[in-house]
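Descriptive structure summary
Below, each chain spelled out in residue letters.
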Amino acid sequence: MVYTLMRPASHFSIKMTCFLALSFVFQFLTPEMALAQSAPTISQLVAAENRGQAPAIGKTQTVAKQLAAPSRDFRQARQVRVPIDWAAAKKATIAYQRAGRMPKAALAQSVMDEIAMPIIVPEKMPANGHVFGKDYYYHAISRHDGYSVSVHGTCVLSEIRSPGDKKAAADGMQIFQTEDGMAASFSLFGAAYSVMMVCDDPAGDSRCKSTAFMKKLVDSMVVQIGGGK
Amino acid sequence: MIKPRSFLLVLASLFLLACESGGGGGGPIITPPTGSTGTPLFFTYDPPGDLIDGTGRGVTSVGVTDTAIVAPGMRFPIESGPAYANSQVWGHGGAGGSIFGPSYPPAPGGTQGDAANYSYPWKDNFCENRGWNAPKCPAGKGHQGQDIRPSTCEVNKHWVVATENGRIGVVGTVSVELVTDTGQVHRYLHLQRPLAPGIVSGARVGKGQKIGRISNITGRKSDGSFVRGTTVHLHFEIWDGNSDGSRNYGVGPLPLYTSLVDSYKRLLRSDLQSNFKKPLVQPCHTH
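By convention here, each chain's residues receive numbers from 1 onward along its written sequence. Both sets of labels track the order of writing: A upward for chains, 1 upward for ligands. Side-chain atom pairs in this predicted model are given and counted only at pLDDT of 80 or more, local residue features only at pLDDT of at least 70, and totals for whole chains, interfaces and linings cover all residues. Think of the side-chain values as coming from all heavy atoms in the structure, minus any hydrogens and water.

Right, let's talk about the state of the cysteines for a bit. In this description, the term disulfide denotes a pair of cysteine sulfurs within 2.5 Å. Tallied over the full model, the rule gives 2 disulfides over all chains. What pairs with Cys199(A) in a disulfide is Cys208(A), and their sulfur atoms sit 2.1 Å apart. Judged by the torsion about the S-S bond (-110°), the Cys199(A)/Cys208(A) disulfide is left-handed. Residue exposure (1.4 Å probe, protein chains only): buried if accessible area is under 20% of the type maximum, exposed if over 50%, otherwise partly exposed. Looking at Cys199(A), the relative accessible area reads 0%, which means it is buried. Disulfide pairing places Cys127(B) opposite Cys137(B) at an S-S distance of 2.2 Å. Across the disulfide from Cys127(B) to Cys137(B), rotation about the S-S bond amounts to roughly -95°, and the bridge is consequently left-handed. Taken as a pair, Cys127(B) in the loop between strand S1 (84–85) and strand S2 (146–149) and Cys137(B) in the loop between S1 and S2 lie far apart in primary sequence, 10 residues in all. Across the pair, exposure class does not vary: Cys127(B) and Cys137(B) are buried alike. Only DSSP runs of H or I with at least four residues qualify as helices, and only runs of E with at least two residues qualify as strands; both kinds are numbered from the N terminus onward.

Before going further, it helps to examine unusual backbone geometry. Omega for the bond connecting Gly81(B) with Pro82(B) falls within 30 degrees of zero, at -5°, which places this linkage in the cis form. Secondary-structure assignment places Pro82(B) in the loop between helix H1 (4–23) and S1. That bond from Tyr120(B) to Pro121(B) is cis: its omega, 5°, falls within 30 degrees of zero. Examined against the element boundaries, Pro121(B) turns out to sit in the loop between S1 and S2. Located in the positive-phi region is Asp135(A), a residue other than glycine, with phi close to 40°. When you line up the elements, Asp135(A) lands in the loop between strand S4 (130–134) and strand S5 (137–144). On the basis of relative accessibility, which here comes to 34%, the residue Asp135(A) falls in the partly exposed class. Backbone geometry places Val59(B), a non-glycine residue, at a positive phi of 55°.

Each salt bridge in this description consists of a side-chain nitrogen of Lys or Arg and a carboxyl oxygen of Asp or Glu lying within 4 Å of one another. Tallied over the full model, the rule gives 19 salt bridges over all chains. The partner of Lys265(B) in a salt bridge is Asp73(A), with the nearest N and O atoms 2.5 Å apart. Separated into two different chains, Lys265(B) in helix H2 (residues 257–274) and Asp73(A) in the loop between strand S1 (61–62) and strand S2 (79–81) make up a pair that spans both. Of the charged contacts, one joins Glu123(A) and Arg101(A) as a salt bridge, the two residues approaching to 3.1 Å between their closest N and O atoms. Separated by 22 residues along the polypeptide, Glu123(A) in the loop between strand S3 (118–122) and S4 and Arg101(A) in the loop between helix H4 (86–98) and helix H5 (109–114) bring together distant segments of the chain. With relative accessibility at 13%, the residue Glu123(A) sits in the buried group.

A few words on the packing of aromatic side chains. In this analysis, rings of Phe, Tyr and Trp, with Trp reduced to its six-membered ring, are considered paired at centre separations within 6.5 Å, and the interplanar angle assigns stacked below 30 degrees, edge-to-face beyond 60, and tilted for intermediate values. Scanning the model with the defined rule gives 21 aromatic pairs over all chains in all. Every member of this aromatic cluster is reached through a ring pair, and the members are Phe74(A), Phe43(B), Tyr45(B), Phe76(B), Tyr84(B), Tyr118(B), Tyr120(B), Trp122(B), Tyr257(B) and Tyr264(B). The cationic tip of Arg149(B) hangs over the ring face of Tyr118(B); the distance from NZ or CZ to the ring centre is 5.9 Å. Against the face of Phe132(A) rests Arg167(B), its NZ or CZ located 4.5 Å from the ring centre. We call a charge positioned over a ring when the NZ of a Lys or the CZ of an Arg lies within 6 Å of the ring centre and within 35 degrees of the ring normal.

Contacts: residue pairs with any heavy atoms within 4.5 Å of one another. Contacts between the two partners involve 70 residues from chain B and, on the opposite side, 64 residues from chain A. Throughout, buried area stands for the accessible area (probe radius 1.4 Å) lost by two parts on being put together, summed over both. Around 5400 Å² of area is buried between chain B and chain A when both sides are counted, 56% of it from carbon and sulfur atoms. Linking chain B to chain A there are 4 salt bridges. A salt bridge links Asp180(A) to Arg187(B); the shortest N-O distance between them is 3.0 Å. Side-chain atoms alone can form a polar contact between residues adjacent in sequence; in general such a contact is a pair of N or O atoms within 3.5 Å, and within protein one must be able to donate a hydrogen while the other accepts it. At the boundary of chain B and chain A, one finds 30 residue pairs in polar contact (both at pLDDT 80 or more). Among the elements that line the side of chain B that touches chain A, the one with the most residues is strand S11 (residues 234–243) of chain B, at 7 residues. Residue classes follow a fixed rule: Ala, Val, Leu, Ile, Met, Phe, Trp, Tyr, Cys and Pro count as nonpolar, while Asp, Glu, Lys and Arg count as charged, and any other residue, Gly among them, counts as polar. Of the residues assigned to the side of chain B that touches chain A, the class counts are 24 nonpolar, 29 polar and 17 charged. Here, strands pair whenever DSSP counts at least two bridges between them. Sheet topology note: the strand S7 (residues 156–159) of chain A/S11(B) ladder contains 2 bridges and is parallel. Across the sheet, the residue bridging to Ser158(A) is Asn242(B), located in S11(B).

Keep in mind these values describe shape, not function.
This is the structure we're talking about:
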């Protein structure tokens, strides 16, 4: 009987203790730090969009490429331009901006205006970095200690069929080793991306075989909207 | 009056075109004349996806059989022919199955300079067994590009050139990226340093412009010296966004064998026209 009467009082005490403890912690957080908790990482965005399989490409537009000399033996892979989910890209960009996560080196507005797709770049883009591209693709490169990073994005896809596609679909973001480093391959906001880590000493640098390091590298990146969107 | 040289040129062109028409099926319709090594003088190639027996992931022999060209109109990445696309691991002088376990076949032995490594037919080795993921490969793992030997196995002799107009991306120790104006990333590996003048990150290059010379570099130690851990060859990759027609698989390494076959045929035609005296087979004699 005594035990029964005591239980509600104990729960109340625990709740109060938690509340006071959390209040104590939050008083030391700056507004930026609190908002940073709400900015999703790139891998979280990819997981949310993929939901266990590669996303459907929606209504596409066939890209007409000018061929120097059409092949007599093989057909050309069909190339389609995929639609961009600008609403999702804008939402992510705003989340990063509110969290105070912006590329440290400003991207040239003229370059941004040329690229009609969401741009993913390292937040700590060093001054020696380059971003270039046009309309349907872009490429960002930066140099770091012992390795270089390139990010490639495109909204034109080549149609190639392979039994390996099902495997790719199950994984969402693929992180894998390359001949000289690591790479991540994923789709986001309707577009296609890769992040490549190119190592100076691929055999001797343990980071160049680490999936965890590569994921951390991808998640250190931020989204910016190109094309004046 | 037809000059003898012009007549020979026309005759050689007819031979070349006749052999090309049978290439897609894995062998020529007309039996071509053979060179001193007993190999065909004229370009032949095995079908895309037809790996050396047992060298695919899971001891299979099948890579990507979709024959579509992903880089139409690209220039062949090596400046001049002949060139030989084939396996480094399972060619003469390669390590073969010893690095992957007893279930994989051994390499044929010998050295990288064996004449068989410098002969046709070409062999696809995209998806050849590796521990690395290659999303387009049947097992999801495999070789992410195509290996190509230049005409001889001499280091620092044979130039690679820009396959398209574009800009240089990352210049690594082992690889150089070319970001083409068509929106793809073409990766050249194992090049000698220094590269060609002006090849730095961000530089604009024109189709056919020299990038660097083929070597066997696989890394650089902390003391600055290079690791030379492979045979003399160009490892070439094409990365682009890709789909199966309904889903988006991101940007990754694509099967490129047919793009290379197509561009090599155009190179041979232009080589034939510009330098008729050049022999089509030059076996490698140095190691």
